[in-house]
Amino acid sequence: MTTSPHACAFDAVREFLGRVFTTAEGESLEAVAKLKLSFTQARVVFTLAHHDGPAAIGDLAGAVGLSAAAVGRNIEQLVRKKLVVRTENPEDRRVKLVAVSALGRSLAQSHLKSKEDAVRTLLDALEPEQCLALVEALKPLKEEVSDVN
């Protein structure tokens with residue numbers, strides 16, 4: 001029985017990402033654990049860190065796949081931990097806006113940096129020709145992602 005090229009590609013990407021996440025998660029999860037954040041709270045902080053500005057709680061709920069009530073409860077705890085700030089929408093005081101604080105942004109950047117460092121470590125083991133081949137191989141995926149947005 002032969003394996004399809006798509007299955008081989010999936011296995012290769014899965015193995016690569018598994019190595020990246022295994023290498024990176026220890027350090028990044030330590031910071032989350034020190035702050036005693038739940039997985040949901042960490043997701044909320046990381047999602048807010050990717051917003052250019054404040055987000056409505058309802059919009060944030062959609063982005064993380066939770067109800068507005070659940071996100072609101074988590075926001076309350078994150079405000080107390082000084083990881084997010086909550087304000088009223090000046091155009092509609094009933095709408096609460098939340099944004100990542102400097103501390104929350106630092107946490108998110110640290111989490112991202114640990115993953116980037118893990119990728120760099122894996123790529124540093126490759127020959128320059130292998131790196132260039134990888135760039136070429138990833139171009140179709142980059143184009144697909146651009147088309148979706």
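What counts and what doesn't
Residues numbered from 1 in each chain as written. Predicted model: local features only at pLDDT ≥ 70, side-chain atom pairs only at ≥ 80, totals over all residues. Heavy atoms only, no water. Salt bridge = Lys/Arg side-chain N within 4 Å of Asp/Glu carboxyl O. Helix = DSSP H or I, 4+ residues; strand = E, 2+ residues; numbered from the N terminus. 1 Å grid on protein atoms, 1.4 Å probe; cavity = no way out; pocket = protein on both sides within 12 Å on 5 of 7 lines; lining within 4 Å. Points joined across faces, edges and corners; volume = space filled by probe spheres on them. Nonpolar A, V, L, I, M, F, W, Y, C, P; charged D, E, K, R; others polar.

Naming follows an unreviewed UniProt entry, where the protein chain appears as MarR family winged helix-turn-helix transcriptional regulator of Aeromicrobium duanguangcaii.

Asker: Would you mind showing me how to read the pattern of salt bridges here?
Answerer: The tally for this structure, following the rule as stated, stands at nine salt bridges. Across the salt bridge formed by Glu88 and Lys96, the nearest N and O atoms sit 3.4 Å from each other. The closest approach of N and O atoms between Asp117 and Lys113, which form a salt bridge, is 2.7 Å. Placement of the pair is Asp117 and Lys113 together in helix H5 (residues 102–124), with a separation of four residues, close to one helical turn. One salt-bridge network, held together by shared partners, links Glu76, Arg80 and Arg86.

Asker: Can you walk me through the layout of surface pockets in this structure?
Answerer: Empty space among the atoms can be located by rolling a probe the size of a water molecule over them. In this structure, the largest pocket occupies an estimated 560 Å³ of space. Lining of the largest pocket is provided by 18 residues; of these, Ala12, Val13, Phe16, Leu134 and Leu138 occupy positions nearest its centre. When residues of the lining of the largest pocket are traced back to their parent elements, those giving at least two are helix H1 (5–34), H5 and helix H6 (128–148). In terms of residues, the lining of the largest pocket owes the most to one element, H1, which gives eight residues. Of the residues belonging to the lining of the largest pocket, the class tally is 15 nonpolar, one polar and two charged. Approximately 180 Å³ is the volume found for the second largest pocket. Contributing to the lining of the second largest pocket are Phe46, Ala49, His50, Arg105, Ala108, Gln109, His111, Leu112 and Lys115. For the lining of the second largest pocket, the secondary structure elements donating two or more residues are helix H2 (39–49) and H5. For the lining of the second largest pocket, the element with the most residues is H5, which contributes six residues. Residues of the lining of the second largest pocket, tallied by class, amount to four nonpolar, three polar and two charged.

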